Amino acid sequence: RKEVEQDPGPFNVPEGATVAFNCTYSNSASQSFFWYRQDCRKEPKLLMSVYSSGNEDGRFTAQLNRASQYISLLIRDSKLSDSATYLCVVNPTPGSYQLTFGKGTKLSVIP
Amino acid sequence: DAGVTQSPTHLIKTRGQHVTLRCSPISGHKSVSWYQQVLGQGPQFIFQYYEKEERGRGNFPDRFSARQFPNYSSELNVNALLLGDSALYLCASSPDSFNYGYTFGSGTRLTVV
């Protein structure tokens with residue numbers, strides 16, 4: 001089983017749609033969780049951290065289910081500018097400093 | 001404030017050559033990490049340095065090495081380049097050794113021919 005697995009995508013959605021990305025991780029001891037956004041041929045940029053209680057930032061909501069080792073990202077009212085690849089990221093080992101990235105899910109928001 | 005800066009932005013090398021990539025972290029950030037991103041994949045961890053000490057190493061061959069300088073800038077060195085080393089090399093900095101989510105530089109795109 002891969003350390004971090006994401007929906008294969010791509011997701012093609014119309015403007016204004018709600019879209020959800022899912023991610024599972026294999027190491028139950030993982031402590032830190034993030035969603036990064038990466039535009040074509042650019043560097044990844046931190047979108048939001050993911051907390052056990054769930055957290056929201058505007059149109060974006062992230063959820064963590066430790067029992068199921070599952071992370072989700074919900075985007076409401078999709079904009080054209082949301083088109084990007086979304087990377088699920090986990091710090092798998094407490095006390096270590098490496099991040100493990102999923103392969104990413106490509107989102108295209110269509111006019 | 002300047003973000004994470006990497007140089008060069010693009011590089012073409014021949015198989016068997018050596019390459020040095022450079023990174024300057026955000027001012028005040030003491031931790032630098034290096035990642036390799038092959039087309040179509042997520043970034044893969046190579047090294048992490050904090051206060052000039054190696055704090056983590058990913059599953060990469062000994063051809064890959066790195067170091068961090070007293071001003072917290074860092075170099076990634078790759079010897080005996082292979083075609084498979086062609087990738088985007090990303091440097092990331094964070095305030096300290098704990099992970100609060102890194103800030104990445106725009107990367108160095110290395111092509112090995």
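Residues numbered from 1 in each chain as written. Chains lettered and ligands numbered in written order. Predicted model: local features only at pLDDT ≥ 70, side-chain atom pairs only at ≥ 80, totals over all residues. Heavy atoms only, no water.

Draft legend 1. Representation of the overall build of chain A within the structure. A tally of regular secondary structure across chain A gives zero helices and 11 strands. Going residue by residue from the N terminus, the α and β elements of chain A occur as β-β-β-β-β-β-β-β-β-β-β. Scaling as 2.2 N^0.38, a compact globule of 111 residues should have a C-alpha radius of gyration of about 13 Å, and chain A matches this with 13 Å. Expressed as lengths along the three principal axes of its C-alpha atoms, the size of chain A is roughly 45 × 30 × 20 Å. For chain A, with 111 residues in total, the buried portion stands at 46%. Pairs at least 24 apart in sequence give 56% of the contacts found in chain A among residues at least 6 apart. Averaging the positions of the 12 positive and the 10 negative side-chain charges in chain A gives two centres separated by 4 Å. (Helix = DSSP H or I, 4+ residues; strand = E, 2+ residues; numbered from the N terminus. Rg over C-alpha atoms; globule rule 2.2 N^0.38 Å. Buried < 20%, exposed > 50% of the residue type's maximum accessible area, 1.4 Å probe, protein only. Contact = heavy atoms within 4.5 Å. Lys, Arg positive; Asp, Glu negative; His and termini not counted. Charge placed at Lys NZ, Arg CZ, Asp CG, Glu CD.)

Draft legend 2. The packing of aromatic side chains, seen in detail. Within the structure shown, the criterion is met by 12 aromatic pairs over all chains. Arranged with centres 6.0 Å apart and planes meeting at 70 degrees, the rings of F101(A) and F104(B) form a pair that is edge-to-face. On the criterion of chain membership, the pair formed by F101(A) in strand β10 (residues 100-101) and F104(B) in strand β10 (residues 103-104) is interchain, its members lying in two chains. Classification of F104(B) by relative accessible area gives buried; the value is 5%. (Phe/Tyr/Trp six-rings, centres within 6.5 Å; stacked < 30°, edge-to-face > 60°.)

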